[in-house]
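Structure at a glance
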Amino acid sequence: MVNNWFISAGLFSPGQIAAIVIVSVLLAAAVGVNIWLIFLIRKRGAHKMYNEQMNKQREALMNRLAAMRAGAPAERSGFTFPMMFGAYGKDEEKAKAEEAAEAAEIAEEEKIAETADEADEDEEEDLLDLEIVENGRVVRYDRSYTARIIQSDNDLKGRYSELKNYIMSYKGMRSRISWKKEIFHIGRKNIASFVVRGKTLCICLATDPKMFDGTKYKVDDLSLRSKKNKMPCRFRITSDRKTYYAKELVDIVAAGFGIDRTLTYTPQDYTLPYKSTEALVKRRLIKVLGDSIPDFAKEDALAAAKRIHYNRSFEARIIQCDEELKGYYSTLKNYLLSYSGVSVNNTWKKETYTANKRVYAVFVIRGKTLCLCLALDPQQFVGTKYNVENLGARVKNTKTPTLFRVKSARKINYAKQLIDKMFAETGIPKTERQDVNYVVPFTSTDTLVRRGLIKVVTLSKKKEENADVPYTDGFAGGVSESARQTDDNGGVQSEQSVAEAAATAE
């Protein structure tokens, strides 16, 4: 080794040796740079191919949506979801049956919207979860998202587990659970979230809900209430068919974010066993609130424990609401009737104002809120101080698509401005009219039942499961098992007193 060094030192001068070393380092660096460049070029090419693939898939998805808006059937839209988006495998006969069921469901939704019953969106978050404890006292519960999943029915749990597995199968997807919802995100980007409204699982997606106008995806636009909502596209999952639609919506949103699924993902069982309210209170998944509870809400909770439901008419709701709401109602009713030729007509669920055989305004009550529905285009109020909701986004045939919630004296002034604008567009003049006091005194439920303004419905087992009634699983003693048993003669019993209804149920 030493001899070789001496031989090399004898053959080359120090300058030559230094030059050889420098050239060798440069050659090695050149080889390394070439290898690095080849790697980058290959990676860039793969990334470019992936982007082109994702763009083609997104373009195909958008073409499919455009075909749906144009009225083309889904199978003729020229697009089939690729394997990376999940092959759903629906046979033709089942697909046709589901399309017929969808058409019937849409027709039913349109019929409901005609009565302005679509106005209860916000109140879903403010529903009182009431239960009766051992001493007969009514308490209020604030259930967390986890508690609602735990105490939901098996159908909801199954759809939740299926959809959660589908969302989590995307690369890099993570989930986190808060008190009211479960959020799915990749890094800092929120992709979707789950919430439970009543007995319905809803998925909220980070995409523009307007892109689904005119398609089979009947989504709600939450941005009409909160412009800062990062996931404004809400879809209600009420059946297996809607679960299938939800997967398609997830695919569309994923294509927009440029993410794909992991083929090696292993599904997990996310269903949770049922737990009693008492156990969930101890686990701090349910909070017991000390807020005051309205008398009629207590009556509803006590009635639900005996399998009785009160179906209140619009007039009964006005009679039993608080004095503030009555004042708002009286003021706006006088203002509407001050316009020439406007007449009022009461039905069971609403109060309608017409002129020249055309409906201009509708009053409905949702929870503790007076809602005014007007024959105005809600799109003209986007970005204004009038925080209106678009009922027409869900059902096109509603005659009063602009919904405005009257919650304060300032909102009264806004409502008057909307009414003025509506009648100005149709040329109906305002007249001088003496105001009438439409504030009515409170009347008990028993009296309103006898007057026919409240119907008493005795729930059979099937109706009890589907009715929007409070939980009664026996916290601190709760309701006895005998009170939960099914009445074989259950059905509708109207025009009877509360005492008679309770005696019948017992």
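Our subject is the structure that appears above.
As the structure is a prediction and not an experimental result, all values here were calculated from the model.

1. Here we look at the environment of Leu-224
- Here Leu-224 lies in the loop between strand 7 (220–221) and strand 8 (233–237).
- For the pair Leu-224 and Asn-387, spaced 163 residues apart in sequence, the C-alpha separation works out to 7.2 Å.
- The residues contacting Leu-224, other than those within four sequence positions of it, are Asn-387, Val-388, Glu-389 and Asn-390.

2. Points about the packing of aromatic side chains
- With the rule as written, the count across this model stands at 15 aromatic pairs.
- Ring geometry for Tyr-360 and Phe-423: centres 5.3 Å apart, planes at 40°, overall tilted. Residue Tyr-360 is found in strand 13 (residues 358–366), and its partner Phe-423 is found in helix 11 (residues 409–426); the two are separated by 63 residues along the sequence.
- For Tyr-360, a relative accessible area of 5% puts it in the buried group.
- Phe-423 sits in the buried class, given a relative accessible area of 1%.
- Counting every residue linked through ring pairs, the aromatic cluster contains Tyr-145, Tyr-160, Phe-184 and Phe-194.
- Here the basic side chain of Lys-287 rests over the ring of Trp-179, its NZ or CZ set 4.4 Å away from the ring centre.
- Sitting above the plane of the Tyr-438 ring, Lys-333 keeps its charged end 4.3 Å from the centroid.

3. Description of the pairing of strand 13
- A large share of strand 13 lies buried, amounting to seven of its nine residues.
- Relative to strand 13, strand 12 (residues 351–355) runs antiparallel, the two being bridged by five bridges. Opposite Thr-352, over in strand 13, you have Val-362 as the bridge partner.
- The antiparallel pairing of strand 12 with strand 13 creates a hairpin that spans two residues between the two strands, and Asn-356 there sits at a positive phi of about 55°.
- With six bridges joining them, strand 13 and strand 14 (residues 369–374) adopt antiparallel strand pairing. Following the sheet pairing, Val-362 is matched in strand 14 by Cys-373.
- Hairpin connection, strand 13 to strand 14: the antiparallel pair is bridged by two residues, and Gly-367 has positive phi, about 65°.

4. Things to note about the sheet that holds strand 5 (residues 189–197)
- Reading across the sheet, the six strands line up as 3-4-5-6-8-7 and stay open at both edges, with antiparallel pairing between neighbours. For this open sheet the edge positions go to strand 3 (174–177) and strand 7, each flanked by a neighbour on one side alone.
- With two bridges connecting them, strand 7 and strand 8 associate as antiparallel partners. Note that in strand 8 the partner of Asp-220 across the bridge is Arg-234.

5. Here's the deal with the sheet that holds strand 15 (residues 389–390)
- The strand order across the open sheet formed by six strands is 11-12-13-14-16-15, and the pairing between neighbours is antiparallel. Unpaired on one side and paired on the other, strand 11 (343–346) and strand 15 mark the two borders of the sheet.
- Along the sheet face, helix 11 touches strand 13, strand 14 and strand 16 (402–406) and points at about 150° away from the line of strand 16.

6. Some points on helix 11
- Across its 18 residues, helix 11 extends 27 Å between first and last C-alpha, which sits within 8% of the 26 Å expected from 1.5 Å per residue.
- Residues of helix 11 that are buried: Lys-411, Ile-412, Tyr-414, Ala-415, Leu-418, Ile-419, Met-422 and Phe-423. Projected down its long axis, helix 11 carries its buried residues within an arc of 165°, all on one side. Exposed residues lying more than 90 degrees from the buried face of helix 11 are Ala-409 and Ala-424.
- Elements in contact with the buried residues of helix 11: helix 10 (323–337), strand 13, strand 14 and strand 16.
- Looking one or two residues beyond helix 11, the residue adopting positive phi is Gly-427, at roughly 75°.

About the thresholds
- Residues numbered from 1 in each chain as written.
- Predicted model: local features only at pLDDT ≥ 70, side-chain atom pairs only at ≥ 80, totals over all residues.
- Heavy atoms only, no water.
- Helix = DSSP H or I, 4+ residues; strand = E, 2+ residues; numbered from the N terminus.
- Contact = heavy atoms within 4.5 Å.
- Phe/Tyr/Trp six-rings, centres within 6.5 Å; stacked < 30°, edge-to-face > 60°.
- Buried < 20%, exposed > 50% of the residue type's maximum accessible area, 1.4 Å probe, protein only.
- Lys NZ or Arg CZ within 6 Å of the ring centre and 35° of its normal.
- Pairing = 2+ DSSP bridges.
- Axes fitted to C-alpha atoms, helices over the stretch in contact; angles between N-to-C directions.
- Expected span 1.5 Å × (residues − 1).
- Arc of directions from axis to C-beta.

Geometric descriptors of this kind do not, in isolation, establish any biological role.
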